[in-house]
Amino acid sequence: METTATGLVTARAEVAALDDYHVGAALDGLVDGSGHWMDKGALAGIERHGRYMAGTWDPPTPDGELGRAGEGSWARFIGRIGTVALRAAAPSTREKRRQRLLALLEIWADGPFCDPEARFRTGLVRIADGDPIAVRDERGAAVAVGWNRDRLRKFVDLRTGDADAPSLGVIEEVTDASRGGWGSAEQLRRLVGLVRERGPVPWDPQAVAALREGTGMGRAAASLVLAGMHVRGRIPFLENSEREILRLKVAEAEDGASEHARLTSLERLELLADVLPEDPAELWEPGGMRAVAERLAEAWRVRRGRRTVVPERTHNAVVELQMLRLSAADFCAAFTNPTAEPGLSAPADTWIKNTDHGPMVTDANARGDVARFEDRLLSIVPNLFWVYAELPAGDLVREGAPGLVRVVQERLNHPGLLLDAGTLNRKVGASVAELHERFGYQPYAGPERLDVASIDDGLTVVTDGVVDRRGDLSRTRLFFRPAFYGADERSRALTGARADSRYDRELGYVEWLRGPDCARIVERIESAALPVGAYETNPAASAPDLLAQVAGKLGIDEDAAALYLQLLVLPAPTDRSVRAWNGWKTAQHQTAAAVLVERGLVVEDKRPRAGRQVFLPGEWIHAKKPYQPMEAWKADLIGVERSYNGRLENPLPLPTRTLPELFAHAWALVEGGRGPSA
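Residues numbered from 1 in each chain as written. Predicted model: local features only at pLDDT ≥ 70, side-chain atom pairs only at ≥ 80, totals over all residues. Heavy atoms only, no water.

Engineer: I would appreciate a short explanation of the pattern of salt bridges in the present structure.
Structural biologist: Where charged atoms from two side chains of opposite charge approach closely, those side chains can pair. Inspection of every chain in the model, using the stated rule, returns 43 salt bridges. D456 is paired through a salt bridge with R481; the nearest N and O atoms lie 2.9 Å apart. With a gap of 25 residues between them, D456 in strand β11 (residues 454-456) and R481 in the loop between β13 (477-480) and α19 (489-497) connect regions that are remote in the sequence. Residue R481 is classed as buried on the basis of its relative accessible area of 14%. Notably, a salt bridge pairs K634 with E631, separated by 3.3 Å at the nearest N-O pair. Judged by its relative accessible area of 0%, K634 is buried. (Salt bridge = Lys/Arg side-chain N within 4 Å of Asp/Glu carboxyl O. Helix = DSSP H or I, 4+ residues; strand = E, 2+ residues; numbered from the N terminus. Buried < 20%, exposed > 50% of the residue type's maximum accessible area, 1.4 Å probe, protein only.)

Engineer: Any chance you could explain the environment of A317 here in plain terms?
Structural biologist: Mapped onto the fold, A317 is located in helix α13 (residues 312-319). Judged by its relative accessible area of 21%, A317 is partly exposed. Separated by 70 residues in the primary sequence, A317 and V387 have C-alpha atoms spaced 10.0 Å apart.

Engineer: Would you take a moment to explain the nonpolar core for this structure?
Structural biologist: Soluble globular proteins: nonpolar side chains tend toward being buried together. If you look at the biggest cluster of nonpolar residues, it comprises 109 residues, and the most contacted ones within it are F335, F480, L513, Y564, L568, V569 and L596. With eleven residues, helix α15 (residues 369-390) is the largest single contributor of residues to this core. The contact partners of L596, leaving out residues within four places of it in the chain, are I556, A560, L563, Y564, L567, L601 and V602. (Core = buried A, V, L, I, M, F, W, Y, C linked by side-chain atoms within 4.5 Å. Contact = heavy atoms within 4.5 Å.)

Engineer: What is the right way to read the sheet that holds strand β7 (residues 170-176) from this model?
Structural biologist: Sheets are built from strands that pair by backbone hydrogen bonding, the pairs being arranged parallel or antiparallel. Read from one edge to the other, the open sheet built from five strands follows the order β4-β5-β6-β3-β7, with strand pairing classed as antiparallel. Only two strands of the sheet have a single neighbouring strand rather than two, namely β4 (134-137) and β7. The sheet shows a mean angle of 20° between the axes of neighbouring strands, taken without regard to direction. Of the strand pairs in this sheet, strand β3 (residues 119-126) and strand β6 (residues 152-159) are connected by eight bridges, and their pairing is antiparallel. In the sheet register, V125 faces β6, and the bridge partner there is R153. (Pairing = 2+ DSSP bridges. Axes fitted to C-alpha atoms, helices over the stretch in contact; angles between N-to-C directions.)

Dropping the structure here:
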């Protein structure tokens, strides 16, 4: 060991250079308070705490300063150091992080924290000004870790006898630290030596498949878990070389990380703590990582159950939707087993609370159920038509759509559910005081008295804005109870008062879910009219009678007629998608397109983000991601509104027809002389 001029122990010489802010990056997702880990000295701080508690080192100053390591959440590694070891051995861990993890494992092996006989506790203690932050006597030792918040500090204590360990102050919370499990000093030293001798553990895609099969995770999420639970807390999240090892594209990696974004650092530690083999050398043997995957899957099922495993092609297609609120796995799970999903598993009782940004809806138990319900509502409804149209008949996600719709409708009928209805239209009024004639005089009465004026007419709750730190007054907000929304006067008062904003969509989604358009789509899926494996987007399968009529009327074969109907109706009939929907090879597709070009029904061209070579004649409207460029005639057909600049920068509207109905409507327009033209 070495000492500084102040006498504080530092890591051994070969480790000292690693004891910098990169330690926090290496532990990202396994510790809390990432900003607190930007200082140097974390490894030395952990080492000093351990040696002090073991009685092998004394601080050089009376105040007992041991140094800090982040905000103290490293104490959770006691009994859970196997998680750090898994990440250290994973091939996707970048090298400068691996070296810091290995150094931590060596320090841990040399200290008392991996002793299975040691009796540690962790918790929160209230320390008075001037009191020591480290104490030790014949009963044991206690040390404060992390930062002082209102005189509360995290602490670790070690009891050496039957009596309680000495205390730093009044203990507010305390928990016995994990004992036993993977991570003895011998196991840690052996794993570190093997990694340095043999390099990281070889990546095994079959282990990923085993974990996916055992849990229902997406492939990317399973890969990240097996690599030690990488998270998106740092940029870049994964470097190109790391993604290549895990065989993930950028979008897949991002989606995989979002799948586990709600897991806390403690949950990550507990999940992976005991999945490594007794002899770390088994990791380098054939099937070694598959055995880890099996143990990990069992640990996952005990804590979180097992989701239905959907086909990888379905999961990947959902990833390409690039939803912001839900991962692809969360989205698919809502369809395959909705009553088991957070936010859908039970009706959410909600109320309005005060926040620094004004009144907001929360759930009665503060578990985030209402937020999870809104995430699913705002992701499912705009993509339900995609599920119906672009997944084949028999697909687990598509077949689950009717059941999911019924579950969501049931949750919307719960009287205790409040949703955000957006901001007040300034033409109607600017405050609660101006809205009594519309909504009455009864104030909102919830568990928490609101800091601002409010009105509650049973359907709508109106709340005034608040003045923020900059002195700006926020907009008056509207909330509504969907169970009471319908065709009555109160509902008309709400819709008339609401500002027109595409970002406040809950009310429109509720209307659509309860309306005839959604009902016809559900009925179409349940009718089993399509053979298994067929797509609704293929007129040959979904509208064969219409297809024969179009082919006969135009004097073309049915392949060309099918492609023409698809170009008329579908927002993004890319070459790749058309071939998948129709089961065509490239030559068959090109032949059909050539027939349409020859007859003057379409034109050949190259256009940005189109993904195809043939287009309807007439104006083309550009759009930037995530919106879809398309022909102006088609945009009018399906109701896509142009933005102020003439581009398509609005989401696709909720559908008003099933695809067979839309194919028929488009053909009727063509027959009536109102089809696309140059």
